[in-house]
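Understanding the architecture of this molecule
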Amino acid sequence: MDETRLALLVGRTVESLRELIEELEVTNDEWHAALDFLTEVGKHDEFILLSDINGLSVLVDEVTHSVDAGGTQSNVLGPFWAPDAPLMDSPARICRGRARRATDPDRSCTRRSR
């Protein structure tokens with residue numbers, strides 16, 4: 001990515017955050033809670049998932065690959081996508097191993113962070 005473009009993107013992000021803080025009159029406690037949330041997301045390397053669940057990845061994809069330019073609508077691969085995964089009939093169980101309760105600390109059917 002061009003460094004000038006990255007600087008523009010980061011600068012506009014900061015400007016938008018400043019406007020949001022003023023508009024919502026964000027308190028110190030609220031700001032620290034938001035920073036703690038983002039820190040946790042970063043610790044688990046899940047910013048792409050946060051982008052996906054908020055529709056930002058799809059929006060960037062739509063801006064980058066406009067259907068108006070003659071292409072077909074694209075789709076963002078979900079968090080459970082894996083290359084060379086076997087095709088399965090729907091509905092399907094995508095995890096291997098025996099079924100486990102959500103309270104079981106040794107769950108085999110959960111997504112693990114990278």
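This one's a predicted model, so the numbers in the text were calculated from it and none came from an experiment.

Points about the overall build of the protein chain
- Tallying secondary structure elements over the protein chain gives four helices and zero strands in all.
- Put simply, the protein chain runs from its N terminus to its C terminus through helices and strands in the order α-α-α-α.
- Counting all 114 residues of the protein chain, 7% fall into the buried class.
- For the protein chain, the share of sequence-separated contacts (at least 6 apart) that also reach a separation of at least 24 residues comes to 23%.
- Total accessible area computed for the protein chain in this model is approximately 10300 Å², and 56% of it derives from carbon and sulfur atoms.

Points about the environment of Gln73
- Tracing the sequence through the fold places Gln73 in the segment after helix H4 (56-64).
- Once the C-alpha coordinates of Gln73 and Glu62 are considered, the two residues, eleven residues apart in sequence, prove to be 7.6 Å apart.
- Dropping the residues within four chain positions of it, Gln73 is found in contact with Glu62 and Val67.

Regarding unusual backbone geometry
- Residue Ser90 is joined to Pro91 through a cis peptide bond whose omega torsion reads -5 degrees.
- For Pro91, the position within the fold is in the segment after H4.
- A positive phi angle, near 50 degrees, is found at Glu25, a position not held by glycine.
- Residue placement: Glu25 occurs in the loop between helix H1 (3-24) and helix H2 (28-43).

As for the pattern of salt bridges
- On inspection of all chains with the given rule, the structure shows one salt bridge.
- One salt bridge in this structure joins Glu40 and Lys43, with 3.2 Å as the shortest N-O distance. You can see Glu40 and its partner Lys43 sitting in helix H2, three residues apart, about one turn around the helix.
- Residue Glu40 is classed as partly exposed on the basis of its relative accessible area, which comes to 38%.

Remarks on H1
- Between the first and last C-alpha of H1 there are 31 Å, a value that for 22 residues agrees with the 32 Å anticipated at 1.5 Å per step.
- Here H1 starts with a cap whose side-chain oxygen sits 2.6 Å from the backbone nitrogen of Thr4, and that cap is Asp2.

Observations regarding H2
- Here H2 is 16 residues long and its end C-alpha atoms lie 22 Å apart, about the 22 Å a rise of 1.5 Å per residue gives.
- Where H2 terminates, the next one or two residues include Asp45, which has phi positive at roughly 55 degrees.

Cut-offs used in this document
- Residues numbered from 1 in each chain as written.
- Predicted model: local features only at pLDDT ≥ 70, side-chain atom pairs only at ≥ 80, totals over all residues.
- Heavy atoms only, no water.
- Helix = DSSP H or I, 4+ residues; strand = E, 2+ residues; numbered from the N terminus.
- Buried < 20%, exposed > 50% of the residue type's maximum accessible area, 1.4 Å probe, protein only.
- Contact = heavy atoms within 4.5 Å.
- Areas by Shrake-Rupley, 256 points an atom, 1.4 Å probe, with all protein chains shown as cover.
- Salt bridge = Lys/Arg side-chain N within 4 Å of Asp/Glu carboxyl O.
- Expected span 1.5 Å × (residues − 1).
- Polar contact = N/O pair within 3.5 Å; in protein donor to acceptor, adjacent residues only side chain to side chain.

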